[in-house]
Amino acid sequence: RKGEAALGQPVFTERELDVMSILWRRGSATVAEVREELEDELAYTSVLSALQTLRAKGYVRHEQEGRAYRYYATVAPEAAGKSALSRIIEKIFHGSAESLLAQLVSERRIPAAELKRMRKLLEKRLKEQGE
């Protein structure tokens, strides 16, 4: 299906991801509320169209609220993150999670505490694999 990666994970356009981010953060929103929070100034009809597309894909639902609809995400942000990360690893790093990790830790100033937590996650994963 269009809009889904392999394994049925959601795939969002940049605009759709902006809208979903607002719904995930707020829990729900009307078209007007989404429009207020978007960085780009979009027409009400453009935001409505994005929400209708997301609804058609099954990623949001809506409920009547007065004269407007209130929209709710039906897919968790972790599912979108997993899908996006998989695409980045495949398309940019040619399937190498190691290259992605190297880029991540070399390009950003990551606090020592966060690096230690990352190391613990890696050590845990190695133990799970019997290494």
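About the thresholds
- In every chain, residue numbers begin from 1 and rise along the written sequence.
- For this predicted model, a pLDDT threshold of at least 70 governs which residues receive local features, and a threshold of 80 or more governs which side-chain atom pairs are given and counted, while totals over whole chains, interfaces and linings are taken from all residues.
- To get the side-chain values, all heavy atoms of the structure are used, and hydrogens and water are removed first.
- In these notes, a set of buried Ala, Val, Leu, Ile, Met, Phe, Trp, Tyr and Cys residues joined through side-chain atoms within 4.5 Å is what counts as a nonpolar core.
- For each residue, the accessible area found with a 1.4 Å probe, counting protein chains only, is set against the maximum for its type, and the residue is called buried under 20%, exposed over 50%, and partly exposed in between.
- Segments assigned H or I by DSSP are reported as helices when at least four residues long, segments assigned E as strands when at least two residues long, and all are numbered from the N terminus.
- Any carboxyl oxygen of Asp or Glu within 4 Å of a side-chain nitrogen of Lys or Arg constitutes a salt bridge here.
- Whether two strands pair comes down to DSSP finding at least two bridges between them.
- Axes here mean lines fitted to C-alpha atoms, for a helix over just the part in contact, with angles spanning 0 to 180 degrees between N-to-C directions.
- If an angle is under 35 degrees, it is roughly parallel; if it is over 145, roughly antiparallel; if it lies from 65 to 115, roughly perpendicular; otherwise it is oblique.
- In what follows, a contact means two residues having at least one pair of non-hydrogen atoms within 4.5 Å.
- Only Asp, Glu, Lys and Arg are considered charged, only Ala, Val, Leu, Ile, Met, Phe, Trp, Tyr, Cys and Pro nonpolar, and every remaining residue, Gly among them, polar.
- pLDDT expresses, on a scale from 0 to 100, how confident the predictor is about each individual residue.
- What a helix is expected to span follows from its residue count: subtract one and scale by 1.5 Å.
- Pairs of N or O atoms within 3.5 Å make up the polar contacts considered here, provided that, within protein, one atom can donate a hydrogen while the other can accept it, and that residues adjacent in sequence are counted only when both atoms are side-chain atoms.
- Patches here are clusters of residues that have more than 30% relative accessible area and form no salt bridge, with a 9 Å joining cutoff for like charges and a 5 Å cutoff for nonpolar side chains (Val, Leu, Ile, Met, Phe, Trp, Tyr).
- Throughout, the Shrake-Rupley method with a 1.4 Å probe supplies accessible areas, and for residues the shown protein chains are the sole cover considered.

### Examining the nonpolar core
One finds Val19, Met20, Leu23, Val34 and Leu51 to be the most contacted residues of the largest nonpolar core, which totals 19 residues. Secondary structure elements with two or more residues in this core: helix 1 (14-26), helix 2 (31-37) and helix 3 (44-57).

### Description of the pattern of salt bridges
Tallying each qualifying case throughout the model produces 10 salt bridges. Across the pair Arg26 and Glu37 runs a salt bridge, and its minimum N-O distance is 2.7 Å. With Arg26 in helix 1 and Glu37 in helix 2, the pair connects residues that are 11 residues apart, well separated along the chain. When its relative accessible area of 30% is taken as the criterion, Glu37 is described as partly exposed. When the shortest N-O distance is used, the salt bridge between Arg70 and Glu65 registers 2.7 Å.

### With respect to the pairing of strand 1 (residues 60-65)
In the case of a regular strand, side chains alternate between the two sheet surfaces. Bridging between strand 1 and strand 2 (residues 68-73) involves 6 bridges; their strand directions are antiparallel. The partner of His62 across the bridge, within strand 2, is Tyr71.

### Topic: unusual backbone geometry
Note: most residues except glycine have negative phi, and most peptide bonds are trans. With a phi angle near 50 degrees, His94 is a residue other than glycine that sits in the positive phi range. On the secondary structure map, His94 appears in the loop between helix 4 (77-91) and helix 5 (97-107).

### Looking at the packing of helix 1 against helix 3
Angle between the axes and distance between the axes are the two parameters that describe a pair of packed helices. The geometry of helix 1 relative to helix 3 is characterised by a closest axis approach of 10 Å and an angle of 85 degrees between their N-to-C directions. Considering their axes alone, helix 1 and helix 3 lie roughly perpendicular with respect to each other. In this structure, helix 1 uses Arg15, Glu16, Val19, Met20 and Leu23 to contact helix 3, whose residues at the interface are Ala50, Leu51, Thr53, Leu54 and Lys57. Of the residues that constitute the contact of helix 1 with helix 3, the class distribution is 6 nonpolar, 1 polar and 3 charged.

### Focus: the confidence of the model for the protein chain
Of all residues in the protein chain, 94% attain a pLDDT of 70 or more, and the chain-wide mean is 87. Counted against residues more than four places away or in other chains, residues 1-7, with its pLDDT under 50, gives 11 contacts.

### Notes on helix 6 (residues 112-128)
With 17 residues, helix 6 ought to run about 24 Å at 1.5 Å a step, and its terminal C-alpha atoms sit 24 Å apart, in line with that. Residue Gly130 follows helix 6 closely and has a positive phi angle near 75 degrees.

### Concerning the side chain of Arg70
Position of Arg70 among the secondary structure elements: in strand 2. Residue Arg70 is classed as buried on the basis of its relative accessible area of 12%. Separated by 2.7 Å, the side chains of Arg70 and Glu65 make a polar contact. Setting aside residues no more than four positions away along its own chain, Arg70 makes contact with Ser28, Ala29, Thr30, Glu33, Arg61, His62, Glu63 and Glu65.

### Topic: a nonpolar patch on the surface
A grouping of Leu101, Leu104, Val105, Leu115 and Leu122 is seen on the molecular surface, where their side chains present a nonpolar patch of about 360 Å² in accessible area. Residue assignment for the nonpolar patch shows that the elements contributing at least two residues are helix 5 and helix 6. Ranked by residue count, the leading element in the nonpolar patch is helix 5, at 3 residues. Relative to the helices and strands, Leu104 is located in helix 5.

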